[in-house]
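Notes for the structure review
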Amino acid sequence: MKEFTLLEIIKRLQQLLVSMFALLVVTFIIGRVLPNDPVGAVGGELADPAAFEAMRQKLGLDLPVYQQFWIYLTSLLHGDMGTAILTGNPVTQDLAQAFPATFELATFAVIISTLIGVPLGMLAAFYRDTWIDQFARVISLVGSSIPVFWFGVVGLVIFYATLAWVGGPGRVDTYLDGIVEPKTGLLLVDSLLEGDTETFWNAVHHIILPACILAYSAMAYITRMTRSFTLEQLNQDYVVAARAKGASSTRIVTRHLLPNISVQLITVLAISYGNLLEGAVVTEIVFSWPGIGQYMTNALMIGDMNAILAGTLIIGAIFMLLNFISDLAYLMLDPRTREATV
């Protein structure tokens with residue numbers, strides 16, 4: 001069984017690599033048919049035709065698409081993602097600066113959505129068709145229906161501009177920007193490592209609103225799925241037997257329900273985390289959050305395909321890797337899966 005499990009892991013890893021290559025091909029082709037002109041972004045609208053042609057040759061845009069793709073692929077395999085037109089820096093350098101902000105925001109959001117969504121979903125299942133269940137359904141419906149940008153704008157107007165309960169756009173106030181040395185890129189972590197409590201609490205003050213806004217849609221999905229998983233388990237014989245023996249609700253949840261739905265929850269949380277990384281784009285624009293979403297949006301406006309391709313690959317690779325890890329967890333934690341693969 002161990003040998004077959006190893007073969008299954010290798011098979012899934014191959015599928016991951018094929019998916020990433022397909023993502024690279026599709027993204028590259030789409031980038032080449034976009035109406036944006038990167039040559040115009042570099043040379044300017046008033047540049048003469050000779051300068052335009054020279055820039056096209058420098059960027060390799062005069063070559064056939066398959067040659068452009070091969071050049072990009074070989075450079076990528078050597079760790080070179082090209083130079084960003086937007087900043088003039090290597091794309092890897094820009095992403096190393098922007099991605100930690102997105103990672104910090106998405107991680108904060110997934111923690112909030114999990115701590116609220118899982119208990120709320122289980123309560124809705126335990127008290128089915130009561131006001132708790134109806135409340136959970138409404139919360140889930142609203143979170144799945146209303147656009148994130150609308151929540152973001154309304155949240156800024158109410159909690160920042162009117163009530164002043166949270167910080168405004170950006171990761172910290174302007175006078176604290178750049179004070180903490182970026183050791184990890186995670187401002188909350190770096191400020192604690194330096195013992196700068198003022199910057200830490202200021203960063204918490206700024207991240208709480210965008211994280212909550214971003215977490216809401218994920219919480220709606222987690223609540224809905226947790227409720228479904230719990231309802232399915234509540235009808236099983238082992239839960240009925242535990243109730244007949246007089247087991248408390250707490251014991252039923254901790255000893256019976258959670259172990260049986262944990263594998264499914266891991267998959268749901270992995271998907272939610274990947275969606276949060278992808279969905280951070282809109283949130284970062286609304287809150288001027290200097291993450292990879294805002295970086296890619298600015299790059300898209302001028303047709304900076306090196307930056308767009310790299311950002312898409314990073315987010316896509318993380319999303320696929322999370323699915324890969326959740327599949328492995330499902331394979332290792334669920335005995336029924338292991339038995340089915342023998």
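The name given to the protein in an unreviewed UniProt entry is Peptide ABC transporter permease, with Superficieibacter electus as the source organism. Taken verbatim from the UniProt record of the protein, the Sequence similarities (unreviewed entry) comment is "Belongs to the binding-protein-dependent transport system permease family."

1. Overview of the overall build of the protein
Along the backbone of the protein there are 14 helices and zero strands. Along the chain direction, N to C, the helices and strands of the protein fall in the order α-α-α-α-α-α-α-α-α-α-α-α-α-α. Scored against the burial criterion, the 342 residues of the protein give a buried share of 41%. Of all intrachain contacts in the protein linking residues separated by at least 6 positions in sequence, the fraction that spans at least 24 positions is 72%. Carbon and sulfur atoms form 66% of the exposed surface of the protein, whose accessible area is close to 18,400 Å².

2. Quick notes on the packing of aromatic side chains
Tallying each qualifying case throughout the model produces nine aromatic pairs. Both rings, one in phenylalanine 28 and one in tyrosine 72, keep their centres 6.0 Å apart while their planes meet at 40°; by these two values the pair is tilted. Taken together, the residues phenylalanine 28 in helix H1 (residues 2-33) and tyrosine 72 in helix H4 (residues 65-77) connect sequence positions 44 residues apart. Exposure class is identical for phenylalanine 28 and tyrosine 72. Each is buried. For the pair phenylalanine 151 and tyrosine 216, a centre-to-centre distance of 5.2 Å together with 70° between the ring planes defines the contact as edge-to-face. Taken together, the residues span a long stretch of sequence, with phenylalanine 151 in helix H7 (residues 148-162) and tyrosine 216 in helix H9 (residues 197-234) at a distance of 65 residues. With relative accessibility at 17%, the residue tyrosine 216 sits in the buried group. Three or more aromatic residues joined by ring pairs form one cluster here, namely Phe21, Phe28, Phe69 and Tyr72.

3. Looking at the layout of surface pockets
Approximately 480 Å³ is the volume attributed to the second largest pocket. Around the second largest pocket, the lining is made up of 20 residues, and of these Arg171, Asp177, Gly178, Pro182 and Leu187 lie nearest the centre. Those elements that place two or more of their residues in the lining of the second largest pocket are helix H5 (91-126) and helix H8 (187-193). For the lining of the second largest pocket, the element with the most residues is H5, which contributes four residues.

4. As for the side chain of asparagine 202
Position of asparagine 202 relative to the elements: it lies in helix H9. With relative accessibility at 11%, the residue asparagine 202 sits in the buried group. A polar side-chain atom of asparagine 202 sits 2.8 Å from a polar atom in the side chain of aspartate 173. If sequence neighbours within four positions are ignored, asparagine 202 has contacts with Arg171, Val172, Asp173, Tyr175 and Leu176.

5. Describing helix H11 (residues 249-286)
Between its first and last C-alpha, H11 extends only 42 Å over 38 residues, short of the 56 Å set by a 1.5 Å rise per residue. Maximal helix bending in H11 amounts to about 50°, located at serine 262. Trailing H11 by a residue or two, serine 288 shows a phi angle of about 50°, which is positive.

6. Side note on the environment of aspartate 133
With respect to the element layout, aspartate 133 can be found in helix H6 (residues 131-145). Overall, the relative accessible area of 0% leaves aspartate 133 in the buried class. The spacing of aspartate 133 and glycine 121 is twelve residues in sequence and 8.3 Å in space, taken between C-alpha atoms. Excluding anything up to four places from it in sequence, aspartate 133 contacts Ala124, Tyr127, Arg128 and Arg227. Here the side chain of aspartate 133 touches aspartate 129 through a polar contact of 2.9 Å, landing on its backbone nitrogen.

7. Some details on the packing of H5 against H9
Between H5 and H9, the shortest axis-to-axis distance is 5 Å and the interhelical angle comes to 35°. By crossing handedness, the relation of H5 to H9 is classed as right-handed. For the contact of H5 with H9, the class distribution of residues is 24 nonpolar, seven polar and two charged.

8. Topic: the UniProt feature "transmembrane region" (unreviewed entry) in the protein
Per the UniProt entry, the sites bearing "transmembrane region" (unreviewed entry) are residues 16-34, 105-127, 148-167, 203-222, 265-287 and 307-333 in this numbering. Segment residues 148-167 splits into 75% helix and 0% strand. End C-alpha atoms: 18 Å apart. Between the first and last C-alpha atoms of residues 203-222 the distance is 27 Å; the span itself is 100% helix and 0% strand.

Rules behind the numbers
- Residues numbered from 1 in each chain as written.
- Predicted model: local features only at pLDDT ≥ 70, side-chain atom pairs only at ≥ 80, totals over all residues.
- Heavy atoms only, no water.
- UniProt positions renumbered as here; feature names shortened; annotations may be inferred.
- Helix = DSSP H or I, 4+ residues; strand = E, 2+ residues; numbered from the N terminus.
- Buried < 20%, exposed > 50% of the residue type's maximum accessible area, 1.4 Å probe, protein only.
- Contact = heavy atoms within 4.5 Å.
- Areas by Shrake-Rupley, 256 points an atom, 1.4 Å probe, with all protein chains shown as cover.
- Phe/Tyr/Trp six-rings, centres within 6.5 Å; stacked < 30°, edge-to-face > 60°.
- 1 Å grid on protein atoms, 1.4 Å probe; cavity = no way out; pocket = protein on both sides within 12 Å on 5 of 7 lines; lining within 4 Å.
- Points joined across faces, edges and corners; volume = space filled by probe spheres on them.
- Polar contact = N/O pair within 3.5 Å; in protein donor to acceptor, adjacent residues only side chain to side chain.
- Expected span 1.5 Å × (residues − 1).
- Bend = angle between axes of the 7 residues up to and from the residue.
- Axes fitted to C-alpha atoms, helices over the stretch in contact; angles between N-to-C directions.
- Left-handed = near helix turned anticlockwise from the far one by under 90°.
- Nonpolar A, V, L, I, M, F, W, Y, C, P; charged D, E, K, R; others polar.

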